Amino acid sequence: MRALVNIRGYSRWGGGDWVEKTVRAAPNDHRTKLKSLLELAVRTGRDWETGVSSFLTPSMRGLVENAIGQAEEVGCVAFGGYPGAERAKLIVGRPEILETIHEAEPKLSSITDDTLALSEIVPVHIRGKFKFQPPSHREFLGSILGCGIRREMVGDIIVLPDHSGALAFVSSSIVAYLQSHLSKVRRTTVNVEILDASALTEFLDKVQGETESRVRKIKRVEKSLRLDAVTSAAFGLSRAKASTMIKKGMVMINWTERPGSSEVKGGDVISARGLGRAMVHAVEVTSKGNFLIEIHIPQ
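Residues numbered from 1 in each chain as written. Predicted model: local features only at pLDDT ≥ 70, side-chain atom pairs only at ≥ 80, totals over all residues. Heavy atoms only, no water.

1. Some details on the pattern of salt bridges
Scanning the entire structure with this criterion turns up eleven salt bridges. As a salt-bridge pair, Lys-35 and Glu-20 come within 3.2 Å of each other at their nearest N and O atoms. Taken together, the residues span a long stretch of sequence, with Lys-35 in helix 3 (residues 31–47) and Glu-20 in helix 2 (residues 15–24) at a distance of 15 residues. Overall, the relative accessible area of 31% leaves Glu-20 in the partly exposed class. Across the salt bridge formed by Arg-186 and Glu-139, the nearest N and O atoms sit 3.0 Å from each other. Taken together, the residues span a long stretch of sequence, with Arg-186 in the loop between strand 7 (184–185) and strand 8 (188–189) and Glu-139 in helix 8 (residues 137–145) at a distance of 47 residues. When its relative accessible area of 31% is taken as the criterion, Glu-139 is described as partly exposed. One network of salt bridges, with partners in common, ties together Lys-33, Arg-150 and Glu-152. (Salt bridge = Lys/Arg side-chain N within 4 Å of Asp/Glu carboxyl O. Helix = DSSP H or I, 4+ residues; strand = E, 2+ residues; numbered from the N terminus. Buried < 20%, exposed > 50% of the residue type's maximum accessible area, 1.4 Å probe, protein only.)

Rendered as structure tokens:
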């Protein structure tokens, strides 16, 4: 695919055709958003600029990254405010420009001020005294959206294990508005406080320790690494049920739809609609040529 090779002549050389063909191949509910993001990529590549998307779902991010990966004169870098973020923004532009961002990735992972400026993401602590049962992720999100904020302006929300509220990553443009409008979650009064790099790192360390202690680990021996076989093992489904869900687009590898015959590997995340997620932590070959698969399931 060479549509973007001569990107300066985008309107003459088929960049529009590349966008349209890519969009037509995407799921219906993703097409409008995907088209606007690919057009942003084309403009930034043509004009030697960078552009930043709103927060994207993992599936949308995967579609954009796969499409841009086929182009030679434009690239993208994802960042969601901390390493391993699920919802992320994409910085798109010429590879020559993005190389400086790739080189800064060690800094990006340590949450520096440069990172926040690049991605326009601000971490905030939604602080409240939740004495007994803390609100769920859905309740925190609902309270934020209830202020009139669009979902695409909000990244990951992490409910804190010490009952002090939640950590949220939001677009910098809404921080002041959020601070003045978000006053309660459930019936508890809350304050929205901006976190600096050191405070954010401290929060993330606490969350990681708590999360690791709440992971269910299972091991299964399978004859193959097919997606349908591993999905069956991870979620306790029959092979037929797993295959049906995959055919209906209800199961994804790394938030991208794949056929049941696709092979999984260590580090892959399998998400099943209504059932949750499972990470393929490790794969070993047994003496009989089968596969010993260790699967981690967050609780």
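Back to the write-up after that little detour.
2. Re the packing of aromatic side chains
With the rule as written, the count across this model stands at two aromatic pairs. On the numbers, 4.9 Å between centres and 25 degrees between planes, the contact of Tyr-82 with Phe-169 is stacked. Residue Tyr-82 is located in the loop between strand 2 (75–79) and strand 3 (89–93), and its partner Phe-169 is located in strand 6 (residues 165–171); the two are separated by 87 residues in the primary sequence. The pair formed by Tyr-82 and Phe-169 is uniform in burial state, with each residue classed as buried. (Phe/Tyr/Trp six-rings, centres within 6.5 Å; stacked < 30°, edge-to-face > 60°.)

3. What about the sheet that holds strand 3?
The strand order across the open sheet built from three strands is 1-3-2, with neighbouring strands paired in antiparallel fashion. Of all the strands in the sheet, just strand 1 (50–52) and strand 2 have a single pairing partner and so form its edges. In this sheet, adjacent strand axes meet at a mean angle of 20 degrees when their direction is disregarded. Along the sheet, helix 4 (residues 58–68) makes contact with strand 2 and strand 3, crossing strand 2 at roughly 155 degrees. (Pairing = 2+ DSSP bridges. Axes fitted to C-alpha atoms, helices over the stretch in contact; angles between N-to-C directions. Contact = heavy atoms within 4.5 Å.)

4. Notes on the packing of helix 3 against helix 4
At a closest axis distance of 10 Å, the pairing of helix 3 and helix 4 adopts a crossing angle of 40 degrees. Relative to helix 4, the element helix 3 lies oblique. For the crossing formed where helix 3 meets helix 4, the hand is right-handed. Counted together, Lys-33, Leu-34, Leu-37, Leu-38 and Ala-41 of helix 3 and Met-60, Leu-63, Val-64, Ala-67 and Ile-68 of helix 4 form the full contact between these two elements. (Parallel < 35°, antiparallel > 145°, perpendicular 65-115°, else oblique. Left-handed = near helix turned anticlockwise from the far one by under 90°.)

5. Side note on the packing of helix 11 (residues 227–235) against helix 12 (residues 239–247)
Across the interface, helix 11 lies against helix 12 with an axial gap of 8 Å and an inter-helix angle of 115 degrees. For the pair helix 11 and helix 12, the crossing hand works out as right-handed. Across the interface between the two elements, Leu-227, Asp-228, Ala-229, Thr-231 and Ser-232 from helix 11 touch Arg-239, Ala-242, Ser-243 and Ile-246 from helix 12. In the contact of helix 11 with helix 12, the residues fall into four nonpolar, three polar and two charged. (Nonpolar A, V, L, I, M, F, W, Y, C, P; charged D, E, K, R; others polar.)

6. Quick word on the sheet that holds strand 10 (residues 215–222)
Judged by pairing direction, the sheet is antiparallel, and its six strands sit side by side in the order 10-15-14-13-11-12 without closing on themselves. Taken across any chain shown, the strands that pair with only one partner, and hence form the sheet edges, are strand 10 and strand 12 (256–257). As paired strands, strand 14 (residues 276–285) and strand 15 (residues 291–298) are joined by six bridges and run antiparallel to one another. Among the inter-strand pairings, Ala-282 is bridged to a residue of strand 15, identified as Glu-294.

7. Section: helix 11
A large share of helix 11 lies buried, amounting to nine of its nine residues. Taken residue by residue, helix 11 has Leu-227, Asp-228, Ala-229, Val-230, Thr-231, Ser-232, Ala-233, Ala-234 and Phe-235 as its buried positions. Buried residues along helix 11 sit against strand 10, helix 12, strand 11 (251–253), strand 13 (269–272), strand 14 and strand 15. Backbone geometry just downstream of helix 11 places Gly-236 in the positive-phi region, at approximately 65 degrees.

8. Here's the deal with unusual backbone geometry
A positive phi is found at Trp-48, a non-glycine position, where the angle reads about 55 degrees. In this fold, Trp-48 is placed in the loop between helix 3 and strand 1. The phi torsion at Arg-186 lies on the positive side, around 60 degrees, for a residue other than glycine.

9. Details of the nonpolar core
Among the nonpolar cores identified, the biggest contains 22 residues, and Ile-126, Ile-144, Ile-149, Ile-157, Val-170, Leu-178 and Leu-182 are the most heavily contacted of them. The set of elements that each furnish at least two residues to this core consists of strand 4 (121–127), helix 8, strand 5 (154–159), strand 6 and helix 9 (175–181). Residues contacting Ile-149, with those up to four places away along its chain left out, are Ile-144, Val-154, Ile-174, Tyr-177 and Leu-178. (Core = buried A, V, L, I, M, F, W, Y, C linked by side-chain atoms within 4.5 Å.)

10. A word on the pairing of strand 3
Summarising burial for strand 3: five of the five residues are buried, a large majority. Of the two faces of strand 3, both are covered, the one formed by Lys-89, Ile-91 and Gly-93 as well as the one formed by Leu-90 and Val-92. Both strand 1 and strand 3 contribute to a ladder of three bridges, which runs antiparallel. From the neighbouring strand, Gly-51 faces strand 3, where its bridge partner is Val-92. Here five bridges tie strand 2 to strand 3, and the two strands are oriented antiparallel to one another. Across the sheet, Gly-75 pairs through a bridge with Gly-93, a residue of strand 3.

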